[in-house]
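Breakdown of the fold
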Amino acid sequence: MSLEDNPLPDYGDFVGSNDKFEVEDLAEPRERYFQGLLYYPICIGDVLDQRYRIEHKLGHGGYSTVWMAYNMQTKCDVALKIHVPGSEGENEPNMQNEIILNVQDTSNLLTYKNSFYVRDYNSQNHLVLVFPVWGPSLGSCFRQMSTSAHLNNRNVMWGICLSNIYDTDTKYKYLGRPQKSKVYLRSGSIAEMVAPIIVSKDLLRETVCLDDFGHAIRPGTSVTPKFHSPVGYCAPELFHDMEPGFSSDIWSYMCLCSELYLGFRLFWSTGSPAIVSEIVDVLGSLPEHWKGYYRDLGTGDDSWYDQSRKPSDPLQAMIMRARPEIGNTERSHVLSMMSKGFCYLPESRLSAEELQQDASFRAIMEIYGR
Ligand SMILES: Nc1ncnc2c1ncn2[C@@H]1O[C@H](COP(=O)(O)OP(=O)(O)OP(=O)(O)O)[C@@H](O)[C@H]1O
């Protein structure tokens, strides 16, 4: 369908002052159109690169806004990830290219199909990566299901069935009409803050993919700082000046796995000293030889390394509280799997291969993995 075929295009609804706060709560921070790493201003209905008509909002991150667009040439939906200008937005395509060149099976990794630049009113270039459209992240699904979880993990996304829907009206029936509010820019132009799509459960496919390789590194690469946001998923050695590696990924995986299983995040604070304290409360004292290596806000807390300190809220008790209905066998499998994944010493932590072979992990996947 071309713009000419659609003489009265539907661009969604501007909300009244009562709903404005809700839209702004769900959309990207307004101030990022004026200061800091600037988002590129978009209005629903804009056409980018002479082919992509913006139809809805998919989400946003610290480095981008992500829009659902209709490719008028190939007649299919795409996701446009519009980066902030400058080098902050450029690591992702570099890493994506490495993945495309080196990883054999990328079917569950979200890799870009095309790219181009758009120029803003300050003459700054914003990189746009074109992706297939995927569904909501696990985090936003949990919010919709209103569990007690407050997930921040936005990098695991569900598949979504939207194929063969060409007209915007039908898409809006499935995804909700864009609810938006205006942002008046200093240049005199306008941007729209738009609440992201809401995907109903029956549109979800039984498949997930990993996205956002903006912070991905080759193993062995030295980085500063060692930890990254959200810190609740970071392995404790990363707060102790050790380089991230596959074993720190296993810790993060176990955070996500426990979150899915328990229905809440084990470690949820936003600052690293608070996160380390939470880890110690649940898993007990950190290795003594880590004392003195804590790096981030503050100086750390010597009691974290006190080997006589016992967990104040042990993992076992948390599992019992969160899942009282499960039997003893399942409980001991879960505890065993989590304890191996949450092993403090990265060199002794289970590897991905070992996890897949682990009897407890396999028993749990037998129950929930189909
Ligand atoms: N291909 C896609 N299909 C559907 N939604 C997407 C797609 N890509 C991204 N999103 C949505 O946009 C959000 C932001 O994307 P992403 O996390 O990649 O951005 P980012 O700026 O790199 O974020 P971060 O600050 O985490 O680095 C995601 O949480 C997801 O909801």
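Residues numbered from 1 in each chain as written. Predicted model: local features only at pLDDT ≥ 70, side-chain atom pairs only at ≥ 80, totals over all residues. Heavy atoms only, no water.

As annotated in an unreviewed UniProt entry, the protein chain carries the name Serine/threonine-protein kinase minibrain and is attributed to Lachnellula cervina.

Further remarks concern the UniProt feature "binding site: ATP" (unreviewed entry) in the protein chain. Within the UniProt annotation, "binding site: ATP" (unreviewed entry) is assigned to K81. Position of K81 among the secondary structure elements: in strand 5 (residues 76-83). In this view, K81 contacts S64, T65, V66, E92, L127, V128, L129, F131 and D212; residues no more than four positions away in its chain are not counted. Among the polar contacts listed, one links the side chain of K81 to the side chain of E92, at a separation of 2.6 Å. (UniProt positions renumbered as here; feature names shortened; annotations may be inferred. Helix = DSSP H or I, 4+ residues; strand = E, 2+ residues; numbered from the N terminus. Contact = heavy atoms within 4.5 Å. Polar contact = N/O pair within 3.5 Å; in protein donor to acceptor, adjacent residues only side chain to side chain.)

Moving on, we come to the packing of aromatic side chains. Each aromatic ring pair is summarised here by two numbers: the centre-to-centre distance and the angle between the ring planes. Within the structure shown, the criterion is met by eleven aromatic pairs. A ring pair is formed by W251 and F267, whose centres lie 6.3 Å apart and whose planes are at 20°; its orientation type is stacked. In this pair, W251 sits in helix 5 (residues 246-262) while F267 sits in the loop between helix 5 and helix 6 (272-283), placing the two residues 16 residues apart along the sequence. In this structure, W251 and F267 share a single accessibility class: buried. Ring centres 6.3 Å apart and planes at 55° place the aromatic pair W290 and Y344 in the tilted group. Of this pair, W290 sits in the loop between helix 6 and helix 7 (315-322) while Y344 is found in the loop between helix 8 (328-341) and helix 9 (352-357), placing the two residues 54 residues apart along the sequence. (Phe/Tyr/Trp six-rings, centres within 6.5 Å; stacked < 30°, edge-to-face > 60°. Buried < 20%, exposed > 50% of the residue type's maximum accessible area, 1.4 Å probe, protein only.)

All right, on to the packing of helix 8 against helix 10 (residues 359-368) then. It is at 8 Å that the axes of helix 8 and helix 10 come closest, and there the two elements cross at 125°. Regarding the angle of helix 8 to helix 10, the classification is oblique. Crossing geometry of helix 8 relative to helix 10 is assigned as left-handed. Residues E330, H333, V334, S336 and M337 of helix 8 form the contact with helix 10, whose own contacting residues are A359, S360, F361, A363, I364, I367 and Y368. Looking at the contact of helix 8 with helix 10 residue by residue, the classes come out as eight nonpolar, three polar and one charged. (Axes fitted to C-alpha atoms, helices over the stretch in contact; angles between N-to-C directions. Parallel < 35°, antiparallel > 145°, perpendicular 65-115°, else oblique. Left-handed = near helix turned anticlockwise from the far one by under 90°. Nonpolar A, V, L, I, M, F, W, Y, C, P; charged D, E, K, R; others polar.)

Within helix 10 the residues assigned to the buried category are S360, F361 and I364. Each buried residue of helix 10 sits inside an arc of 100° when the element is viewed along its axis, so together they form one side. Relative to its buried face, helix 10 has exposed residues pointing more than 90 degrees away, namely A359 and E366. Those residues of helix 10 that are buried lie in contact with helix 5, helix 8 and helix 9. (Arc of directions from axis to C-beta.)

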